[in-house]
Amino acid sequence: DTGVSQNPRHKITKRGQNVTFRCDPISEHNRLYWYRQTLGQGPEFLTYFQNEAQLEKSRLLSDRFSAERPKGSFSTLEIQRTEQGDSAMYLCASSATGTSELFFGEGSRLTVL
Amino acid sequence: KNEVEQSPQNLTAQEGEFITINCSYSVGISALHWLQQHPGGGIVSLFMLSSGKKKHGRLIATINIQEKHSSLHITASHPRDSAVYICAPYSGGGADGLTFGKGTHLIIQP
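The rules behind the values
Residues numbered from 1 in each chain as written. Chains lettered and ligands numbered in written order. Predicted model: local features only at pLDDT ≥ 70, side-chain atom pairs only at ≥ 80, totals over all residues. Heavy atoms only, no water. Helix = DSSP H or I, 4+ residues; strand = E, 2+ residues; numbered from the N terminus. Buried < 20%, exposed > 50% of the residue type's maximum accessible area, 1.4 Å probe, protein only. Contact = heavy atoms within 4.5 Å. pLDDT = per-residue confidence, 0-100. Phe/Tyr/Trp six-rings, centres within 6.5 Å; stacked < 30°, edge-to-face > 60°. Buried area = accessible area lost by both parts, 1.4 Å probe. Salt bridge = Lys/Arg side-chain N within 4 Å of Asp/Glu carboxyl O. Nonpolar A, V, L, I, M, F, W, Y, C, P; charged D, E, K, R; others polar.

Colleague: Please clarify how the overall build of chain B should be interpreted in this entry.
Modeller: If you tally the helices and strands in chain B, you get zero helices and 10 strands. Along chain B, helices and strands appear, N-terminal first, in the series β-β-β-β-β-β-β-β-β-β. When its C-alpha atoms are laid out on the principal axes, chain B stretches across 45 × 30 × 20 Å. Buried residues in chain B amount to 45% of all 110 residues. In chain B, the proportion of contacts linking residues at least 24 apart, taken out of those at least 6 apart, comes to 54%.

Shown next, in the form of structure tokens:
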């Protein structure tokens, strides 16, 4: 297993367009997290899945954001009607049950023009 | 909400120097992560500790739960250690109980 994989690594889009990011966690990990990181800041929690169930969502996750993990494996994060303030690095992490050790992906950098 | 402060924010040192990065937080925690982030975004977990001290190669992490403080030390620093180091204490209560510091930007010059 090569670790947590995210794609695309970079996405440039125009304001108002929809974008989707994909995260493939480490295969035996049942927990999956999405974070957002803006320049000069630490990551901020967006949402968390245990298997296919979305158990937690941050208030940062506006109704333009939706995340899914339909089969408890990969996850997608969709942003509708993107705004310039959505420009950030979107990080995915996974962990196994019983541990709080996180394994992060390389991130997907979004630039909204 | 756990308030996390890291110091220094930026650090430039010469190869071989002993490096210390500090992390203070405001809320009691059950564990604390030290993470390394290279340019381009990828984050690697260096340590997860809940008490005492851990060592991995040239990296040492310590934590004092009572004082709400942790330090990351790098011995015999090398240019490849140049990265952003992020402290992330976990205060429990679910996935959003993990709070990240803003990071310390370390540059090791040859």
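Colleague: What should I look at first to understand the confidence of the model for chain A in this one?
Modeller: Regions with low pLDDT should not have their predicted coordinates read in detail. Residues at a pLDDT of 70 or more form 99% of chain A, whose mean pLDDT is 92. The secondary structure element of chain A with the lowest average pLDDT is strand β10 (residues 103-104) of chain A, at 90, and the one with the highest is strand β3 (residues 19-24) of chain A, at 98.

Colleague: Can you help me understand the packing of aromatic side chains in this one?
Modeller: The geometry of an aromatic ring pair is captured by two quantities: the separation of the ring centres and the angle between the planes. Applying the stated criterion across every chain yields a total of eight aromatic pairs over all chains. With a centroid separation of 6.4 Å and an interplanar angle of 40°, the aromatic rings of F65 of chain A and Y90 of chain A are classed as tilted. Residue F65 of chain A is located in strand β7 (residues 65-68), and its partner Y90 of chain A is located in strand β9 (residues 88-95); the two are separated by 25 residues in the primary sequence. According to the relative accessible area criterion, F65 of chain A is buried, its value standing at 8%. Judged by centre distance (6.4 Å) and plane angle (75°), the ring pair of F104 of chain A and F100 of chain B falls under edge-to-face.

Colleague: Would you mind showing me how to read the interface of chain B and chain A here?
Modeller: It is common to give the size of an interface as the accessible area lost on bringing the parts into contact. Contact with chain B, which involves 18 residues of that partner, is made by 20 residues of chain A. Each partner contributes to the roughly 1500 Å² buried at the junction of chain B and chain A, and carbon and sulfur atoms together form 59% of this total. On the chain B side of the interface with chain A, the three residues burying the most area are I43, A95 and F100 of chain B, jointly 34% of the side's total. Where chain B packs against chain A, one counts zero salt bridges. Going through the elements one at a time, β4 (31-37) and β5 (43-49) of chain B are the ones with two or more residues in the side of chain B that touches chain A. At four residues, the largest contribution of residues to the side of chain B that touches chain A is made by β4 of chain B. For the side of chain B that touches chain A, the per-class residue count stands at eight nonpolar, eight polar and two charged.

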